[in-house]
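Now for the letters of each chain:
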Amino acid sequence: MASWKEIQEQLIALGYDLGPSGADGDPGRFTREAIQKFQAERKIPVINPGSVGPKTLAALFPGSLPKPAPVVSALLSTFDDITPFKPMTRAKTYAYLSACCGR
């Protein structure tokens, strides 16, 4: 995984403005805006614009990232960022485990 500073340096090299701080390693407002523009220009589908996932990283650093395993690729094939986890209530967890495990 690339560091924020590496991501910022690559965005600057591609001509995106990161404001007065430049590549400082802090993913602030200017970095998020540059990432959103980058994603929009390349039509990278995202749930949370400005977030960096595998598709954005692959577009920023072509050829430098290893290919994920097939199962991971299938899970990440639709959107670039990770959907926020929603914890289940105890009752839903029990119902789910009862249905899948037969107890």
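Along each chain, numbering runs from 1 in the same order as the chain's sequence is written. Local features in this predicted model are restricted to residues whose pLDDT is 70 or higher, and side-chain atom pairs enter the listing and the counts only when it is 80 or higher, whereas totals over whole chains, interfaces and linings include all residues. With hydrogens and water excluded, all non-hydrogen atoms of the structure serve as input to the side-chain values.

1. As for the side chain of threonine 31
For step 1, the next point in the chain: Starting at the N terminus, helices and strands are each numbered in turn, a helix being any DSSP run of H or I of at least four residues and a strand any DSSP run of E of at least two. Among the structural elements, threonine 31 can be located in helix α2 (residues 29-41).
For step 2, the next point in the chain: Polar contacts involving the side chain of threonine 31 include one to the side chain of glutamine 8, which spans 2.8 Å.
For step 3, the next point in the chain: Whether two residues are in contact is decided by their heavy atoms: any pair within 4.5 Å suffices. If near-sequence neighbours (up to four positions away) are discounted, threonine 31 is found in contact with Trp4, Gln8, Leu11, Leu18 and Asp26. By the criterion applied in these results, polar contacts are pairs of N or O atoms within 3.5 Å in which, for protein atoms, one can donate a hydrogen and the other can accept it, and in which residues neighboring in sequence qualify only through two side-chain atoms.

2. Let's talk about the pattern of salt bridges
For step 1, the next point in the chain: A pairing counts as a salt bridge when a side-chain nitrogen of Lys or Arg comes within 4 Å of a carboxyl oxygen of Asp or Glu. The full count for this structure, using the stated rule, is 2 salt bridges.
For step 2, the next point in the chain: Across the salt bridge formed by arginine 29 and glutamate 33, the nearest N and O atoms sit 3.3 Å from each other. Here the residue arginine 29 and the residue glutamate 33 both occupy positions in helix α2, the gap between them amounting to 4 residues, near one helical turn.
For step 3, the next point in the chain: For arginine 42, the salt bridge identified is with glutamate 41, shortest N-O distance 3.8 Å.
For step 4, the next point in the chain: When accessible area is computed with a 1.4 Å probe and restricted to protein chains, residues below 20% of their type maximum are described as buried, those above 50% as exposed, and intermediate ones as partly exposed. Glutamate 41 gets classed as exposed once you look at its relative accessible area, which sits at 52%.

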